[in-house]
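Commentary on secondary and tertiary structure
Here are the chains, one letter per residue:
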Amino acid sequence: MLADYHNNPFDVTASKITFQEIYERWSKEKYPTISASNIKGYEASYRVCTSLYSRIFKELKLADLQHVIDTCGKNYPTLKKVKVLFSQLYDYAMKNDICNKDYAEFVDIVKFKDKNPDQRSHNKFFKEEVQRLWELADDPYYQIILMLIYNGCRITEFLDLKKENVHLDKQYFDVIASKTENGLRKVPIADKVLPFYKAWFEGSSCEYLLHTPDQKHFDYRNYYDSYFTPLMEQIGFDHKPHDTRHTCISMLSEAHVDQTTIKKIVGHSGAMTLTERVYTHLDIETLVDAINRI
């Protein structure tokens, strides 16, 4: 055995190297050569593979990799990235004689191509539910939900809104950071929720309009886990924060507000025509009038 080893040296620790150790060795070489965005993509894919971290890499079989794909609940684009990570790790392992077979190439993600496990239909708040929220409007955290329903903002846009961008005298606020170019916009404040904005604005020294009880900035996870979800459970509603946006759009449509105005209010980009993007300039009075119709 010793003679065989001298004739063909190999890494005697290879039989004990885990999936996590392979990833750490590979990433140490790979990451200095790629962009920050690519690194984030690989890191996100690696987080999907928690069930493999402590497994001996050379003992992994196709079924182990496929189990990650089948049970992680991610959409097809994400699964493609996970499979790419598998391929990279197996390529590294085979080059370094840690294993001698690449199972990554046999991982099946095609069956998820037309499916999106993360996707859920957005459910608008029924009129009775909106009325119930109004009955609870003395609570400032129920006020936030009503403010969202009557402004159509993405939840992160609203949580990140600073007071310096809120113009109570003219009843609008500026969204200065959004996921789309058309998301940068002036959002009207409806008459019926204007008192809520004033109360939040004047009720603290925090630079953000909305804030935690100790006047700290809300991050999404904190707001969703500690406020929105408990409030929904308290009144027996089954909703996600984005449902408020969907509700606003539906209410505007039902009030016969024209589609161009709706797109301007909520910052929709995909369905906006070139004419709407370039030539339509709606003043804030028009937007306030539209939002007051719901």
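Residues numbered from 1 in each chain as written. Predicted model: local features only at pLDDT ≥ 70, side-chain atom pairs only at ≥ 80, totals over all residues. Heavy atoms only, no water.

1. Topic: the overall build of the chain
Summing up its helical and strand segments, the chain has 14 helices and 3 strands in all. For the chain, the residues scored as buried account for 45% of the 294 residues in total. Restricting to contacts in the chain with at least 6 residues of sequence separation, those with at least 24 account for 64%. A total accessible area of about 16300 Å² is found for the chain, and carbon and sulfur atoms account for 50% of it. (Helix = DSSP H or I, 4+ residues; strand = E, 2+ residues; numbered from the N terminus. Buried < 20%, exposed > 50% of the residue type's maximum accessible area, 1.4 Å probe, protein only. Contact = heavy atoms within 4.5 Å. Areas by Shrake-Rupley, 256 points an atom, 1.4 Å probe, with all protein chains shown as cover.)

2. As for unusual backbone geometry
Although it is not a glycine, Asp97 sits at a positive phi angle of roughly 55°. In this structure, Asp97 sits in the loop between helix 5 (76–95) and helix 6 (127–135). For Gln171, which is not glycine, the phi dihedral falls at a positive 60°. Along the chain, Gln171 falls in the loop between strand 1 (166–167) and strand 2 (172–175). Given a relative accessible area of 17%, Gln171 falls into the buried group.

3. A short note on the pattern of salt bridges
Side-chain pairing between opposite charges can occur once the charged atoms of the two side chains come close. Going through the model one piece at a time under the given rule, you end up with 10 salt bridges. In this structure, Asp70 and Lys111 form a salt bridge, with 3.3 Å as the shortest nitrogen-oxygen distance. One end of the pair, Asp70, is in helix 4 (residues 62–71); the other, Lys111, is in the loop between helix 5 and helix 6, and 41 residues separate them in sequence. You can call Asp70 partly exposed: its relative accessible area is 35%. The closest approach of N and O atoms between Glu207 and Lys162, which form a salt bridge, is 3.5 Å. Linking Glu207 in the loop between helix 9 (194–202) and helix 10 (220–235) with Lys162 in the loop between helix 8 (155–159) and strand 1, this pair joins segments that are 45 residues apart in sequence. (Salt bridge = Lys/Arg side-chain N within 4 Å of Asp/Glu carboxyl O.)

4. Considering the sheet that holds strand 1
Adjacent strands of a sheet form backbone hydrogen bonds with each other and so pair up, either parallel or antiparallel. Reading across from one edge, 1-2-3 is the order of the 3 strands in this open sheet, with antiparallel pairing throughout. In this open sheet, the two strands that pair with only one neighbour each are strand 1 and strand 3 (185–188). Inspection of the sheet shows strand 1 paired to strand 2 by 2 bridges, in the antiparallel sense. By the bridge assignment, Val166 is partnered in strand 2 with Phe173. Sitting on the sheet, helix 14 (residues 284–291) is in contact with strand 2 and strand 3, with an inclination near 45° to strand 3. (Pairing = 2+ DSSP bridges. Axes fitted to C-alpha atoms, helices over the stretch in contact; angles between N-to-C directions.)

5. Concerning the packing of aromatic side chains
Per the counting criterion, the structure on display carries 25 aromatic pairs. Here Phe19 and Tyr46 contribute two aromatic rings whose centre-to-centre distance is 6.2 Å and whose plane-to-plane angle is 0°, an arrangement assigned as stacked. Placement of the pair is Phe19 in helix 2 (residues 19–30) and Tyr46 in helix 3 (residues 36–47), with a sequence separation of 27 residues. As far as burial versus exposure is concerned, Phe19 and Tyr46 are alike and both buried. (Phe/Tyr/Trp six-rings, centres within 6.5 Å; stacked < 30°, edge-to-face > 60°.)

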